[in-house]
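Each chain is listed here by its residues.
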Amino acid sequence: MWDSTVLNMQRNRAISVSSALANLPRPNGIRRSLSGNAFPRTIRIVVLGAGGVGKTAMAVRFVTKRFIGDYDPNLETIYRHTGFVDDELINFEIMDTAGQQDEHSLTLEDKCRWGEAFIFVYDVTDKYSFVELDRLKFVASYSHSKSRLNFTPCWVLVGNKTDLADHERIISTEEGRERARELSCHIFREISVKESMDEASEVFEDLWREFARRCPRSPSSSQRRKFSYRIQDKIPILNSNAC
Ligand SMILES: Nc1nc2c(ncn2[C@@H]2O[C@H](COP(=O)(O)OP(=O)(O)OP(=O)(O)O)[C@@H](O)[C@H]2O)c(=O)[nH]1
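Scope of this entry: the structure provided in the associated data block. Given the structure is predicted, the values throughout are model-derived calculations rather than measurements. (Residues numbered from 1 in each chain as written. Predicted model: local features only at pLDDT ≥ 70, side-chain atom pairs only at ≥ 80, totals over all residues. Heavy atoms only, no water.)

### Overview of the packing of aromatic side chains
Enumeration over the complete set of coordinates arrives at seven aromatic pairs. Summarising the aromatic geometry, the rings of F62 and F92 are spaced 5.0 Å apart at their centres and angled 85° between planes, so their arrangement reads as edge-to-face. Here F92 lies in strand β3 (residues 88–96) and F62 lies in helix α2 (residues 55–64), a separation of 30 residues in the sequence. According to the relative accessible area criterion, F62 is buried, its value standing at 3%. A centroid spacing of 6.5 Å and a plane angle of 10° characterise the contact between F138 and Y142, whose relative ring orientation is stacked. Here the residue F138 and the residue Y142 both occupy positions in helix α4 (residues 127–147), the gap between them amounting to four residues, near one helical turn. A relative accessible area of 42% means that Y142 is categorised as partly exposed. Against the face of F130 rests R179, its NZ or CZ located 4.5 Å from the ring centre. (Phe/Tyr/Trp six-rings, centres within 6.5 Å; stacked < 30°, edge-to-face > 60°. Helix = DSSP H or I, 4+ residues; strand = E, 2+ residues; numbered from the N terminus. Buried < 20%, exposed > 50% of the residue type's maximum accessible area, 1.4 Å probe, protein only. Lys NZ or Arg CZ within 6 Å of the ring centre and 35° of its normal.)

### Describing the sheet that holds strand β6 (residues 187–190)
Within the open sheet, the seven strands sit side by side as β6-β5-β4-β1-β3-β2-β7. Their pairing is mixed. Where the open sheet ends on each side, the last strands, each with one partner, are β6 and β7 (237–239). In this sheet, neighbouring strand axes are inclined to one another by 25° on average, regardless of whether the strands run parallel or antiparallel. Of the pairings in the sheet, the one linking strand β4 (residues 117–123) to strand β5 (residues 154–160) comprises seven bridges and is parallel in character. Note that in β5 the partner of Y122 across the bridge is G159. The strands that helix α6 (residues 173–182) touches are β4, β5 and β6; relative to β6, the one it contacts most, it runs at about 160°. Here helix α7 (residues 197–214) sits on the sheet and contacts β1 (41–49), β2 (77–85), β3, β4, β5 and β6; the angle it forms with β1, its principal contact strand, is near 125°. (Pairing = 2+ DSSP bridges. Axes fitted to C-alpha atoms, helices over the stretch in contact; angles between N-to-C directions. Contact = heavy atoms within 4.5 Å.)

### Focus: the layout of surface pockets
One number sums up the size of the largest pocket: a volume of about 430 Å³. Residue lining of the largest pocket: 26 residues in total, with G52, V53, G54, A57 and K161 positioned closest to the centre. For the lining of the largest pocket, the element with the most residues is α2, which contributes three residues. The class makeup of the residues in the lining of the largest pocket is nine nonpolar, 10 polar and seven charged. (1 Å grid on protein atoms, 1.4 Å probe; cavity = no way out; pocket = protein on both sides within 12 Å on 5 of 7 lines; lining within 4 Å. Points joined across faces, edges and corners; volume = space filled by probe spheres on them. Nonpolar A, V, L, I, M, F, W, Y, C, P; charged D, E, K, R; others polar.)

Shown next as structure tokens:
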């Protein structure tokens, strides 16, 4: 009797503390999500593709809404960005990999083990970037299978630079769609990061929806920590309000 009274008191206290926490204003203006989750869920996305296809431009477009013309090709960064998708507040962690590897950087497998969702980018005017997709998908699938995370990651294929398509297109939309099927990608989009802010954002938002559908519970923080320590030592993290 006494035990159950104490248990009930503890439970009521826990409930009132958690609802009080949920109602507190969050630091940096982060609100409780409208879906009712007190804390935003996190998704880790790795962006892969040959050099110069627009990986950095796409990530920066999503995070800052701006198109910035040129970046250091060796720059690898993890962008952290919090935003709403369908009334739910989501933490996006986006690893922008360098298309040209230098011998001191982490291996591609190391980086892929960190990821839970993958965006493969090619340039619709560049045949090599299209051919390179096979190798990248192979490495990402292999690395993910070694990471022992118990869900199929979300795969997305993006053909970028459609603003150049009228005169310079080499890969047709149908070829892109067909390759998405061959690579078992869940989502295929053609976009112009340069001309459209919305097209870049929709890639990340649709990716989140697909991820949430196939993985209702995110990996635990202890699972995530296993893959973090080597990566986060070597790749700088940039919060979106600092971009
Ligand atoms: N026309 C056009 N150019 C683009 C578009 N997106 C990116 N670019 C340009 O393509 C070049 C390469 O873009 P990045 O974002 O640096 O490409 P990346 O894939 O990150 O390249 P690496 O860092 O070498 O791997 C830059 O000059 C961009 O301005 C686009 O949608 N249209």
